[in-house]
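Below, each chain spelled out in residue letters.
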Amino acid sequence: MGSEQGGADVVPDEAAARRFIESPEYQAISVDRHAGADTLALLVHGLPAPGA
């Protein structure tokens, strides 16, 4: 099995996450991301922001 990497992006709320994901800038690069990787994205509600 290949190596696995992980990462997390923190956004203030669901609306901000959706604005980012649906933005023309992200859509332009997401084609390559989807073609080059198997990914899983989760939007988690109710967790405190890191450092909070």
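Remember, predicted model here, so these are calculated numbers, not experimental data. (Residues numbered from 1 in each chain as written. Predicted model: local features only at pLDDT ≥ 70, side-chain atom pairs only at ≥ 80, totals over all residues. Heavy atoms only, no water.)

Of regular secondary structure, the protein chain possesses 2 helices and 0 strands. Per-residue burial over the protein chain gives 10% buried out of 52 residues. When the accessible area of the protein chain is evaluated, it comes to approximately 5000 Å², of which 55% is carbon and sulfur surface. (Helix = DSSP H or I, 4+ residues; strand = E, 2+ residues; numbered from the N terminus. Buried < 20%, exposed > 50% of the residue type's maximum accessible area, 1.4 Å probe, protein only. Areas by Shrake-Rupley, 256 points an atom, 1.4 Å probe, with all protein chains shown as cover.)

The next subject is helix 2 (residues 24-36). With 13 residues, helix 2 should cover 18 Å at 1.5 Å per step; its first-to-last C-alpha distance of 19 Å lies within 8% of that length. At S30, helix 2 shows its maximal bend, which comes to roughly 35°. (Expected span 1.5 Å × (residues − 1). Bend = angle between axes of the 7 residues up to and from the residue.)

Summarizing the sequence annotation, UniProt attributes the feature "domain: DUF1330" (unreviewed entry) to residues 12-46 in the numbering used throughout. As annotated, residues 12-46 has a helix share of 63% and a strand share of 0%, and its two end C-alpha atoms lie 11 Å apart. (UniProt positions renumbered as here; feature names shortened; annotations may be inferred.)

The next point concerns the packing of helix 1 (residues 14-22) against helix 2. Close contact between helix 1 and helix 2 brings their axes to 5 Å; oriented N to C, the two are set at 60°. Between helix 1 and helix 2, the interaxial angle falls into the category oblique. Across the interface between the two elements, F20, I21 and E22 of helix 1 pack against P24, Y26 and Q27 of helix 2. The residue inventory of the contact of helix 1 with helix 2, partitioned by class, reads 4 nonpolar, 1 polar and 1 charged. (Axes fitted to C-alpha atoms, helices over the stretch in contact; angles between N-to-C directions. Parallel < 35°, antiparallel > 145°, perpendicular 65-115°, else oblique. Contact = heavy atoms within 4.5 Å. Nonpolar A, V, L, I, M, F, W, Y, C, P; charged D, E, K, R; others polar.)

Under the definition given, this model contains 1 salt bridge. Taking the shortest distance from any N to any O, the salt bridge between R18 and E14 comes out at 2.8 Å. With R18 and E14 both in helix 1 and 4 residues apart, this pair spans about one turn of that helix. Look at R18 and you get partly exposed, because its relative accessible area is 43%. For E14, a relative accessible area of 30% gives the class partly exposed. (Salt bridge = Lys/Arg side-chain N within 4 Å of Asp/Glu carboxyl O.)

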